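A structural walkthrough
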Amino acid sequence: MAQTATRSKPSTRTGATKTRRSTSARAAERGRFSGESPELLRDYFYEMTLIRRFEERAAQGYTQAKIGGYCHLNLGEEATVVGLMRSLRKTDLLFTNYREHGYAIAKGIEPGRVMAELYGRSTGTSKGWGGSMHMFDVEAGLLGGYGIVGGQIPLATGAALAIDYRSGDQVVMCQMGDGTTNIGAFHEALNIAALWNLPVIFVVINNQLGMGTTVEKSSAESELYKRASAYRMHGERVDGTDVLAVRDASSRLVEQARETGRPALLELTSERLKGHSVVDPGKYRDQESLEKAKQADPVASFRAELINAGILDEAAAADLETKAQAEADAAVAFADDSPHPDVETLFDYTYATPVANDSRRLPADPLFVTS
């Protein structure tokens with residue numbers, strides 16, 4: 001049931017110097033994009049670039065102490081993010097781990113609201129109380145980033161059960177990192193989803209490293225998509241640096257789940273361009289690994305491919321990059337200008353509905369009041 005699916009990619013150059021290409025070479029590039037709307041391809045490039053620029057500004061904000069707590073970036077995974085989100089309807093539900101800023105943007109949330117959440121401002125997606133790891137927006141169908149490794153998997157499976165119980169046509173996508181496949185909740189959720197025919201796609205973003213440990217050193221079966229076979233579930237591995245390959249595979253599995261209720265496991269391989277989090281210098285990686293990650297940069301590669309195919313030229317690409325930078329800068333300005341949440345609202349969202357005798361004690365308040 002498990003299978004590998006990859007889309008071949010021609011070599012690309014990212015330098016500014018223009019090169020003369022033969023007619024046959026250009027035709028080959030266009031063949032890869034045959035049937036694709038040039039406008040849509042340019043839109044993909046813009047969204048990938050926006051996520052890159054947004055995350056770069058997030059990293060800057062963290063070093064300026066404008067962002068607190070933990071902060072994990074999607075740098076190097078932009079093609080995966082855009083390809084996955086383009087396969088979903090607005091009404092479909094998404095559960096992610098803590099590396100979710102790009103997913104929030106690609107799911108339709110305004111970048112300013114995402115940045116405001118990072119800054120802990122009241123205009124953020126979780127009104128400033130969630131921060132980097134806890135984006136949430138019901139209207140957009142983003143039902144949380146989760147800081148606990150694998151914490152989202154049982155909840156996503158439960159949401160799929162609710163959809164099935166109500167005979168709905170939504171699909172749940174549950175994103176996770178490669179290290180998550182070794183926890184109990186992963187196996188329990190896949191087992192239940194397969195037994196009960198639940199419309200959920202489990203997506204493993206395999207960036208080769210679980211924090212600082214390679215997949216080969218942490219997983220007896222390092223080809224993670226094969227784990228689907230244990231539950232008689234369809235499994236598939238795709239090149240996560242190819243936005244079209246990701247979109248095509250994800251769209252096929254999402255629609256299959258929508259029509260049949262059958263779950264699937266999709267493994268997407270990519271390279272992490274930076275450390276596990278903003279504060280991780282990544283000293284456990286050698287120069288060869290870093291160079292490999294740089295060469296696999298999905299944004300630079302896609303840019304070069306579009307130029308080689310004649311879908312973009314240098315000027316048009318630069319214009320889109322300038323626009324993306326401006327939108328990321330505007331998100332920062334929006335966050336900077338937004339107010340901090342009122343401390344009196346700290347407990348407003350502890351429970352979905354009022355609970356009798358719930359504690360409203362602030363950290364500095366005494367446990368007992370004595371006369």
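Residues numbered from 1 in each chain as written. Predicted model: local features only at pLDDT ≥ 70, side-chain atom pairs only at ≥ 80, totals over all residues. Heavy atoms only, no water.

By the naming in an unreviewed UniProt entry, the protein chain goes by Pyruvate dehydrogenase E1 component subunit alpha and is assigned to Saccharopolyspora dendranthemae. Taken verbatim from the UniProt record of the protein chain, the Cofactor (unreviewed entry) comment is "thiamine diphosphate". Here is the UniProt Function (unreviewed entry) comment for the protein chain, exactly as written: "The pyruvate dehydrogenase complex catalyzes the overall conversion of pyruvate to acetyl-CoA and CO(2)." (UniProt positions renumbered as here; feature names shortened; annotations may be inferred.)

According to UniProt, the positions carrying the feature "domain: Dehydrogenase E1 component" (unreviewed entry) are residues 46-343. For residues 46-343, the helix share is 44%, the strand share is 12%, and the end-to-end C-alpha distance is 38 Å. (Helix = DSSP H or I, 4+ residues; strand = E, 2+ residues; numbered from the N terminus.)

Moving on, we come to the packing of helix 2 (residues 38-63) against helix 12 (residues 314-337). Between helix 2 and helix 12, the shortest axis-to-axis distance is 8 Å and the interhelical angle comes to 40 degrees. Between helix 2 and helix 12, the angle falls in the class oblique. Relative to helix 12, helix 2 is oriented so that their crossing is right-handed. Here Arg42, Phe45, Tyr46, Thr49, Leu50, Arg53, Phe54 and Arg57 of helix 2 come into contact with helix 12, specifically with Ala317, Leu320, Glu321, Lys323, Ala324, Gln325, Glu327, Ala328, Asp329, Ala331 and Val332. For the contact of helix 2 with helix 12, the residue count by class is 10 nonpolar, two polar and seven charged. (Axes fitted to C-alpha atoms, helices over the stretch in contact; angles between N-to-C directions. Parallel < 35°, antiparallel > 145°, perpendicular 65-115°, else oblique. Left-handed = near helix turned anticlockwise from the far one by under 90°. Contact = heavy atoms within 4.5 Å. Nonpolar A, V, L, I, M, F, W, Y, C, P; charged D, E, K, R; others polar.)

Moving on to the pattern of salt bridges. Any two side chains of opposite charge can pair, so long as their charged atoms come close to each other. For the structure shown, the criterion picks out 22 salt bridges. A salt bridge links glutamate 110 to arginine 113, with the nearest nitrogen and oxygen atoms 3.6 Å apart. Owing to a relative accessible area of 45%, glutamate 110 belongs among the partly exposed residues under this scheme. On the accessibility criterion, arginine 113 (24% relative accessible area) is partly exposed. A salt bridge links arginine 113 to aspartate 137; the nearest nitrogen and oxygen atoms lie 2.8 Å apart. With a gap of 24 residues between them, arginine 113 in helix 5 (residues 111-118) and aspartate 137 in the loop between helix 5 and strand 3 (142-145) connect regions that are remote in the sequence. What emerges from the salt-bridge pattern is a single network uniting Arg32, Asp242 and Glu305. (Salt bridge = Lys/Arg side-chain N within 4 Å of Asp/Glu carboxyl O. Buried < 20%, exposed > 50% of the residue type's maximum accessible area, 1.4 Å probe, protein only.)

Per the counting criterion, the structure on display carries two aromatic pairs. Aromatic pair phenylalanine 33 and phenylalanine 302: ring centres 6.2 Å apart, planes at 80 degrees, arrangement edge-to-face. Of the two residues, phenylalanine 33 sits in the loop between helix 1 (23-32) and helix 2 while phenylalanine 302 sits in helix 11 (residues 298-308), which places them 269 residues apart along the sequence. Each member of the pair, phenylalanine 33 as well as phenylalanine 302, carries the same accessibility label: buried. Taking the ring centre of tyrosine 46 as reference, the NZ or CZ of lysine 323 above it sits at 5.0 Å. (Phe/Tyr/Trp six-rings, centres within 6.5 Å; stacked < 30°, edge-to-face > 60°. Lys NZ or Arg CZ within 6 Å of the ring centre and 35° of its normal.)

This part covers helix 2. End to end, helix 2 covers 38 Å across 26 residues, agreeing with the expected 38 Å (1.5 Å per residue, within 8%). Backbone geometry just after helix 2 places alanine 65 at a positive phi near 65 degrees. (Expected span 1.5 Å × (residues − 1).)

Turning next to the nonpolar core. Among the nonpolar cores identified, the biggest contains 64 residues, and Leu84 and Phe302 are the most heavily contacted of them. With nine residues, the top contributor of residues to this core is helix 2. Other than its neighbours up to four places away in sequence, phenylalanine 302 contacts Phe33, Leu41, Tyr44, Phe45, Met48 and Val243. Ala160, Ala194, Val204 and Val215 belong to the second largest nonpolar core, which has 27 residues in total. (Core = buried A, V, L, I, M, F, W, Y, C linked by side-chain atoms within 4.5 Å.)

The subject of this paragraph is the environment of valine 171. Secondary-structure assignment places valine 171 in the loop between helix 6 (152-165) and strand 4 (172-177). As for valine 171 and glycine 144, which are separated by 27 residues in sequence, their C-alpha atoms are 16 Å apart. Those residues in contact with valine 171 that lie beyond four places of it in its chain are Asp92, Leu93, Ile163, Pro199, Ile201, Val254, Ala257 and Arg258.

Together, Trp129, Leu346 and Tyr349 make up a nonpolar patch on the protein surface, roughly 300 Å² of accessible area in all. Within the element layout of this structure, leucine 346 appears in the segment after helix 12. (Patch = residues over 30% accessible without salt bridge, like charges linked within 9 Å, V, L, I, M, F, W, Y side chains within 5 Å. Areas by Shrake-Rupley, 256 points an atom, 1.4 Å probe, with all protein chains shown as cover.)

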